[in-house]
Amino acid sequence: MFGVSFDYCTRVLIRRLSTQQHFSRECHDSSSQQSYMEISQKFYQAMKACSSLTSIPLARKLHAQLISTGLDSSIFLQNHLLHMYSACSLLDDASRVFYSIHNPNVFTWNTMINRLLDS
């Protein structure tokens, strides 16, 4: 529909976040615990979709979910959060994320510089 291929957990994540429910019950069952990389990938896919849709409410819900799962200190996810906020034209939110990153890397700087130049 949106030209983006979603797997099951990504669709569940977006649906749950849009209704402010946690995704962990459906993406995690007692028999298979997902790894950090798998969960990070799900967040990345959801943030990528949100960037394409430029959904401000979903962007903020994804950020809140990221914080509640404790993955908000991952530079990989912080960079994608920065990109998502920038794509949604939320430069104040993007700036807050940028300043909260303890060790910004090249991707961090390039994303912020490009979005500031585009605005």
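Chemist: Would you mind going over the environment of isoleucine 39 with me for this structure?
Modeler: Tracing the backbone shows isoleucine 39 in helix α3 (residues 36–53). Residue isoleucine 39 is classed as buried on the basis of its relative accessible area of 13%.

Chemist: Can you walk me through the nonpolar core in this structure?
Modeler: The nonpolar side chains of soluble globular proteins are, as a tendency, buried together. Among the nonpolar cores identified, the biggest contains 22 residues, and Phe43, Met47, Cys50, Leu62, Leu81, Met84 and Tyr85 are the most heavily contacted of them. Listing elements by their share of this core, those giving two or more residues are α3, α4 (56–69), α5 (75–87) and α6 (91–100).

Chemist: Looking at this structure, how should I read the packing of aromatic side chains?
Modeler: How two aromatic rings sit relative to each other is given by the distance of their centres and the angle of their planes. For the coordinates displayed, the defined rule picks out three aromatic pairs. Ring centres of phenylalanine 98 and tyrosine 99 lie 5.4 Å apart, and the angle between their planes is 75°; this geometry places the pair in the edge-to-face category. The exposure class of phenylalanine 98 is buried, given its relative accessible area of 10%. A relative accessible area of 68% means that tyrosine 99 is categorised as exposed. Between phenylalanine 98 and tryptophan 109, the aromatic rings sit 4.9 Å apart at their centres with planes inclined by 80°, giving edge-to-face as the arrangement. On the criterion of sequence distance, the pair formed by phenylalanine 98 in helix α6 and tryptophan 109 in helix α7 (residues 106–118) is long-range, its members being eleven residues apart. An aromatic cluster is built from Phe98, Tyr99 and Trp109, whose rings are joined through pairwise contacts.

Chemist: Honestly, the environment of asparagine 103 in this entry has me stumped. Any pointers?
Modeler: Mapped onto the elements of the fold, asparagine 103 is located in the loop between α6 and α7. Considering only alpha carbons, one finds asparagine 103 and isoleucine 75, 28 residues apart in sequence, at a separation of 8.1 Å.

Chemist: How should I be thinking about the pattern of salt bridges in this particular structure?
Modeler: Opposite charge on two side chains allows them to pair when their charged atoms are near. Going through the model one piece at a time under the given rule, you end up with three salt bridges. Between aspartate 93 and arginine 60 there is a salt bridge, and its shortest N-O distance comes to 2.7 Å. Separated by 33 residues along the polypeptide, aspartate 93 in helix α6 and arginine 60 in helix α4 bring together distant segments of the chain. On the accessibility criterion, arginine 60 (41% relative accessible area) is partly exposed. For the salt bridge of aspartate 93 with arginine 96, the shortest nitrogen-to-oxygen distance reads 2.6 Å. Here the residue aspartate 93 and the residue arginine 96 both occupy positions in helix α6, the gap between them amounting to three residues, near one helical turn. Overall, arginine 96 belongs to the exposed group, its relative accessible area being 53%. Connected through shared salt-bridge partners, Arg60, Asp93 and Arg96 make up one network.

About the thresholds
- Residues numbered from 1 in each chain as written.
- Predicted model: local features only at pLDDT ≥ 70, side-chain atom pairs only at ≥ 80, totals over all residues.
- Heavy atoms only, no water.
- Helix = DSSP H or I, 4+ residues; strand = E, 2+ residues; numbered from the N terminus.
- Buried < 20%, exposed > 50% of the residue type's maximum accessible area, 1.4 Å probe, protein only.
- Core = buried A, V, L, I, M, F, W, Y, C linked by side-chain atoms within 4.5 Å.
- Phe/Tyr/Trp six-rings, centres within 6.5 Å; stacked < 30°, edge-to-face > 60°.
- Salt bridge = Lys/Arg side-chain N within 4 Å of Asp/Glu carboxyl O.

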